[in-house]
Amino acid sequence: MEPGDAARPGFGRAARAPPRRLLLPPLLLSLLLGRGLRVAAAASASSGAAAEDSSAMEELATEKEAEESHRQDSVSLLTFILLLTLTILTIWLFKHRRVRFLHETGLAMIYGLIVGVILRYGTPATSGRDKSLSCTQEDRAFSTLLVNVSGKFFEYTLKGEISPGKINSVEQNDMLRKVTFDPEVFFNILLPPIIFHAGYSLKKRHFFRNLGSILAYAFLGTAVSCFIIGNLMYGVVKLMKIMGQLSDKFYYTDCLFFGAIISATDPVTVLAIFNELHADVDLYALLFGESVLNDAVAIVLSSSIVAYQPAGLNTHAFDAAAFFKSVGIFLGIFSGSFTMGAVTGVVTALVTKFTKLHCFPLLETALFFLMSWSTFLLAEACGFTGVVAVLFCGITQAHYTYNNLSVESRSRTKQLFEVLHFLAENFIFSYMGLALFTFQKHVFSPVFIIGAFVAIFLGRAAHIYPLSFFLNLGRRHKIGWNFQHMMMFSGLRGAMAFALAIRDTASYARQMMFTTTLLIVFFTVWIIGGGTTPMLSWLNIRVGVDPDQDPPPNNDSFQVLQGDGPDSARGNRTKQESAWIFRLWYSFDHNYLKPILTHSGPPLTTTLPAWCGLLARCLTSPQVYDNQEPLREEDSDFILTEGDLTLTYGDSTVTANGSSGSHTGSTSLEGSRRTKSSSEEVLERDLGMGDQKVSSRGTRLVFPLEDNA
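Keep in mind it's a predicted model, so treat the numbers as computed, not measured.

Novice: Give a detailed account of helix α16 (residues 495-502), specifying residues and quantitative values.
Specialist: Taken across its eight residues, α16 has eight buried, putting it largely inside the fold. Listed in full, the buried residues belonging to α16 are Ala 495, Met 496, Ala 497, Phe 498, Ala 499, Leu 500, Ala 501 and Ile 502. Against α4 (183-200), α7 (252-262), α9 (281-306), α12 (386-404), α13 (407-438) and α17 (508-530) lie the buried residues of α16.

Novice: How would you sum up the environment of Met 243? Please name residues and give values.
Specialist: Mapped onto the secondary structure, Met 243 falls in helix α6 (residues 211-243). Assessed through its relative accessible area of 43%, Met 243 is described here as partly exposed. Along the chain, Met 243 and Val 447 lie 204 residues apart, while their C-alpha atoms are 9.9 Å from each other.

Novice: Could you give an account of the packing of helix α2 (residues 104-122) against α17, with specific residues and numbers?
Specialist: Across the interface, α2 lies against α17 with an axial gap of 9 Å and an inter-helix angle of 130 degrees. Comparing the axis directions of α2 and α17 gives the class oblique. Helix-helix and strand crossings are classified by hand; for α2 and α17 the assignment is left-handed. Facing Thr 105, Gly 106, Met 109, Ile 110 and Leu 113 of α2, the residues of α17 in contact are Val 521, Phe 522, Val 525 and Trp 526. Here the residues of the contact of α2 with α17 are counted per class, giving seven nonpolar, two polar and no charged.

Novice: Residues and numbers for the side chain of His 477, please.
Specialist: Residue position: His 477 is located in the loop between α14 (446-472) and α15 (481-489). Reaching out from His 477, the side chain makes a polar contact with the side chain of Asp 282 at a distance of 3.2 Å.

Novice: Break down the packing of aromatic side chains for me, citing the residues and quoting the values.
Specialist: Remark: the centre distance and the inter-plane angle together describe each pair of aromatic rings, the angle taken between the planes. Counted under the stated rule, the structure contains 32 aromatic pairs. Look at Tyr 121 and Phe 437: their rings are 6.5 Å apart centre to centre, the planes differ by 75 degrees, and that puts the pair in the edge-to-face class. Of this pair, Tyr 121 sits in helix α2 while Phe 437 sits in helix α13, and the two are 316 residues apart along the sequence. Take Tyr 121: its relative accessible area is 64%, and that puts it in the exposed class.

What counts, and at which threshold
Residues numbered from 1 in each chain as written. Predicted model: local features only at pLDDT ≥ 70, side-chain atom pairs only at ≥ 80, totals over all residues. Heavy atoms only, no water. Buried < 20%, exposed > 50% of the residue type's maximum accessible area, 1.4 Å probe, protein only. Helix = DSSP H or I, 4+ residues; strand = E, 2+ residues; numbered from the N terminus. Contact = heavy atoms within 4.5 Å. Axes fitted to C-alpha atoms, helices over the stretch in contact; angles between N-to-C directions. Parallel < 35°, antiparallel > 145°, perpendicular 65-115°, else oblique. Left-handed = near helix turned anticlockwise from the far one by under 90°. Nonpolar A, V, L, I, M, F, W, Y, C, P; charged D, E, K, R; others polar. Polar contact = N/O pair within 3.5 Å; in protein donor to acceptor, adjacent residues only side chain to side chain. Phe/Tyr/Trp six-rings, centres within 6.5 Å; stacked < 30°, edge-to-face > 60°.

Functional significance is not addressed by these values, which are geometric in nature.
So this is what it looks like as structure tokens:
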């Protein structure tokens, strides 16, 4: 621009115009920016609304899935309740028609099979949302997994391992998944009432009369059966490997584990028929006692086999140190579980004795129930076996705590655990039938199944007949051949074997064991259980026997003691066989444990030394002195009849058949009668000596130690 140009107005205005025009763009920019912000805000609002709608839809879908899952849970539980209802009605019909060829557990299994077929083939696959995610960088499985899906985290829990060959056949039916229970449900919820009821309803009189034989069958017999079955099955596995029918690893320890779990007998069908027909009480006691204790032995034995860990690279080779370690683990687990169960029972007895819970029967029953059930969980939490603990807790509760309960609580506890036992047992057998079609990890091997049946038969025979032979060498009441054949025939498998098999089905070997165990339970319950009544008739085993009446003497099985005096014929008593182990313990229990833990028994002031007088008065219940009719158990503690007892009253010794002798020569039973304690009255009434006059301040039981099994 030249210098003169600045004086020209036009040019000057033109030169000054740009600043005004320069002011317009910011205004326009602001207008445009504001409009743009409004447009962006509108777009953002629309996208936010869309996101909210999407989130609302997802929440609605999640709620629908939760409602559907809740509905399926209700349907699955309703299915089992209807199964139990149908089983109960059919049981009533069978009892009304006196049908004995099929037990209630067999009915439950049949109904379970029918429902399993309907669920397997009658319901469509409803879930298609499964997807495989690869985590190749991880070297182990996680119990809990958090998955990020579009910014949202979802938690997944480990259910189990799936073999590569079955990755595409994972269950797609939600309903079938719902009716497949966690194995821990069986152990923590269903097994405790079954095992506790077995101990709580134990007929101690006949059980302890045959205690030595029962212990031999339960401990030695189960161990012999385990090793025979395990070794025979190892031979079967080797044969399968040669034939090319073994698709994965199957070790010797796996065979022993199978031998342990399948050695757990459960003759529930046979025992129910025995009870209904009132079969011979000694045979019933032998079978019932063996089945109760060998369940406990089998589960501890299986735990010991799992704990077998040899040193070195080959973890399945024989190692003497590992073997003895497993034996130590067996003894430690069993003794620890036994102690824990007994201690819990003793604690419950003390609580019910030294409190006034009997004034509130509902609270008393609730405490009894919780203390009994907690025994199982406490043992499992401490690394022991809950089955053993709750079994001996039930025996202890029946022996001590039962005496302290009110009349209402006695009836309630008996009926409560009887109902729970019935429902839990039939639930398990119904689930067995259902699992044959709903379980997804079955491995059917005809060679293994046939070999298992043969091994079980040989294992049962190898411990029944030889042990019976050796036991008869020391028994006064011999175990006859018909009893032995019946015990051999009654080796059914049931709830315990199934629960042990289903607890771990991760590996190929365990899956094959579970399938085989399921088929063995089916066969033994249906075929052997249904043949119990004809077998009783064929073996000429007595039925219609009063369980409280001793069998008549025959051969050298019984010994009749001759009494003194004119009423000796009426005073003759049959001397029953009793285990010497129990006779050693009974005197201590009657004179000390019963008075300490219950309201019954002789006063401790008469059994403890004089310097323990203060302690004796504190521990002795006032009811012992006040009650004219002391508390008694329905199932009498006296497993021995009169011929087995010698009562010492003061200076006089009175045998159960009425004869007496003086220790110092001057005291007679015809002397003046002193005040007797309530426990003496119980003893006299139980022994039929209530009409005799006794001079005594205390009671001392003296047992002749004889060699009985």
